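Per-entry structural report
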Amino acid sequence: MSNHKVEVSYRIPLYNCKNMKNKWFVLLVSIFSLFSCGDGYDSYKNVHTFDFDDFVKTETLHGNVLNFDSLVMMPTEVHVLDSILLVVEAMDDKLIHLYNLNTRKHIGARISRGQGPQDMILPVIISMNENTLYIADMMLSVLRKYDMKDFLNHDSPTFLSEVKFEDRIYIDAALMKDKVWGYLYTDNCILSEFNLLDGKRLKGGMHYPETTIQYTDAERRDAFYMSVASDDKERLVIAYSLTDLLDFYDTNGSLLKRLHGPEQFYSYTKEYHDGNVVTTKLDGERNREAYFSPCWVNDGLFVLYDGEHLNAPNHDSNSGWIFSFSNDGIPKTAYQLDVPLFRCCVDSKSRKIYGISINPEYQIVEYSY
């Protein structure tokens, strides 16, 4: 990451001078405002702020590293269904591996990496329950639906249906009722709306957060790098990775609540041109990592939180906190993790959290909460 400084226009707060007789004092305050740290003068529109004190409680959790009979390689996702753990290994010949949590045994691997009729290249699980499993391939720009029982019980499961998206989706997507919300990167919307039945792009979209920071189009896209998750029914959240911002939406794509916290920092990017190529760089001194791996559990949200500066000594991709919120965005519990994670999932029935950690090697960690 570059440490290039980004120029940001700061706003000077207004002061009530009615009772101030010393005009020099007013001048000094204004000068101090110009040269003080600018982060406090940036803002988002329609935002609710919160901090650590707003959580109902804070708990420290102690992780248990799970040792299976087969080593995990370089997993990118983890999901749980009853006693079965699904681990996405995007660099392996088989892309999704199954583990029995009770016996700690590897019980199978699904979907070959390739371009055959049943293969995938870059799978992302966007929805799963005891009946169905939806997997999007970010390279092939398709969404496939599987019968969950068939997927778990057969080495070569056949998908029930396939939808080809009209436009290529990047990074992440979420399913909510009969629509898919995906990130296009080049669009004016941070998430665009697609019909689940035919993959056609609809007119709706979720817009980038409005802020006082002046971004170019390229800077805005990279400043608001994010991940997304839905409860499949009525709630969707966008969790931003470089600003501690959470956006809660309903089924119509309308913003319900925008939360900024617990430390209220922003993302700073700078656009560069190399011929016709447009790139951006992050300000390593001011930028921090925020939210990752959101997941809905019953009527609430769990999401990893980091908060570490990008240029911090020994900075890594792990997060030391997992926060829980109500489905309306009310802070509930802040869990501090003794083994940091960079991806996670939650089993509300057994009250277990499963996550991937790089500490220093890839491993699966289990928490009870």
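Shown above is the structure to which this text applies.
So, here is what we can say about the structure in this document. (Residues numbered from 1 in each chain as written. Predicted model: local features only at pLDDT ≥ 70, side-chain atom pairs only at ≥ 80, totals over all residues. Heavy atoms only, no water.)

1. Quick look at the packing of aromatic side chains
Under the defined criterion, the tally for this structure stands at 28 aromatic pairs. An angle of 55 degrees between the planes, with centres 6.3 Å apart, marks the rings of Y44 and F224 as tilted. Of this pair, Y44 sits in the loop between helix 1 (23–35) and strand 1 (48–49) while F224 is found in the loop between helix 3 (217–223) and strand 16 (226–230), placing the two residues 180 residues apart along the sequence. Neither Y44 nor F224 differs from the other in exposure class; each is buried. Between Y44 and Y266 the ring centres are 5.0 Å apart and the planes differ by 35 degrees, which places this aromatic pair in the tilted class. Here Y44 is found in the loop between helix 1 and strand 1, whereas its partner Y266 is found in the loop between strand 19 (255–260) and strand 20 (269–274), with 222 residues between them in sequence. Each of the two residues, Y44 as well as Y266, counts as buried. Joined through ring pairs, the aromatic side chains of F50, F52, F55, F248, Y291, W296, Y305, W321, F323 and F325 make up one cluster. When the ring centre of Y185 is taken as reference, the NZ or CZ atom of R221 above it lies at 5.1 Å. Above the plane of the ring of Y272 lies K281, whose end atom (NZ or CZ) is 5.1 Å from the centre. (Phe/Tyr/Trp six-rings, centres within 6.5 Å; stacked < 30°, edge-to-face > 60°. Helix = DSSP H or I, 4+ residues; strand = E, 2+ residues; numbered from the N terminus. Buried < 20%, exposed > 50% of the residue type's maximum accessible area, 1.4 Å probe, protein only. Lys NZ or Arg CZ within 6 Å of the ring centre and 35° of its normal.)

2. Section: the pattern of salt bridges
Two side chains bearing opposite charge may form a pair once their charged atoms approach each other closely. Tallying each qualifying case throughout the model produces 14 salt bridges. One salt bridge connects E162 with R144, and the closest N-O pair in it is separated by 2.7 Å. With a gap of 18 residues between them, E162 in strand 11 (residues 161–164) and R144 in strand 10 (residues 142–147) connect regions that are remote in the sequence. Judged by relative accessible area, which is 40%, E162 ranks as partly exposed. Taking the relative accessible area as the measure of exposure, R144 reaches 4% and is therefore buried. Three or more residues are tied together by salt bridges with common partners; here these are D167, D187 and R201. (Salt bridge = Lys/Arg side-chain N within 4 Å of Asp/Glu carboxyl O.)

3. Considering the sheet that holds strand 26 (residues 343–347)
Spatial strand order, 3-28-27-26: 4 strands in an open sheet with antiparallel pairing. Strands with a single pairing partner mark the edges of an open sheet, and in this sheet they are strand 3 (64–66) and strand 26. Between one strand and the next, the sheet's axes are offset by a mean angle of 30 degrees, whatever the strand orientation. (Pairing = 2+ DSSP bridges. Axes fitted to C-alpha atoms, helices over the stretch in contact; angles between N-to-C directions.)

4. Describing the environment of C345
Along the chain, the position of C345 falls in strand 26. In this structure C345 comes out as buried when scored by relative accessible area, which is 6%. Excluding residues that lie within four positions of it along the chain, C345 makes contacts with V78, H79, V80, C295, K352, I353 and Y354. (Contact = heavy atoms within 4.5 Å.)

5. Some words on the pairing of strand 24 (residues 319–326)
Of all 8 residues that make up strand 24, 8 are buried, and the element is covered over most of its length. For strand 23 (residues 300–305) and strand 24, the ladder comprises 6 bridges, and the chain directions are antiparallel. Note that in strand 24 the partner of Y305 across the bridge is W321. Pairing of strand 24 with strand 25 (residues 331–341), which is carried by 6 bridges, proceeds in the antiparallel orientation. Within the sheet, the bridge partner assigned to F323 lies in strand 25 and is A334.

6. What about the sheet that holds strand 13 (residues 179–183)?
Within the open sheet, the 4 strands sit side by side as 12-13-14-15. Their pairing is antiparallel. Two strands close off the open sheet at either side, each with one partner strand: strand 12 (170–176) and strand 15 (201–207). In this sheet, adjacent strand axes meet at a mean angle of 25 degrees when their direction is disregarded. Pairing of strand 13 with strand 14 (residues 189–195), which is carried by 4 bridges, proceeds in the antiparallel orientation. Within strand 14, the residue paired with G182 across the bridge is S192.

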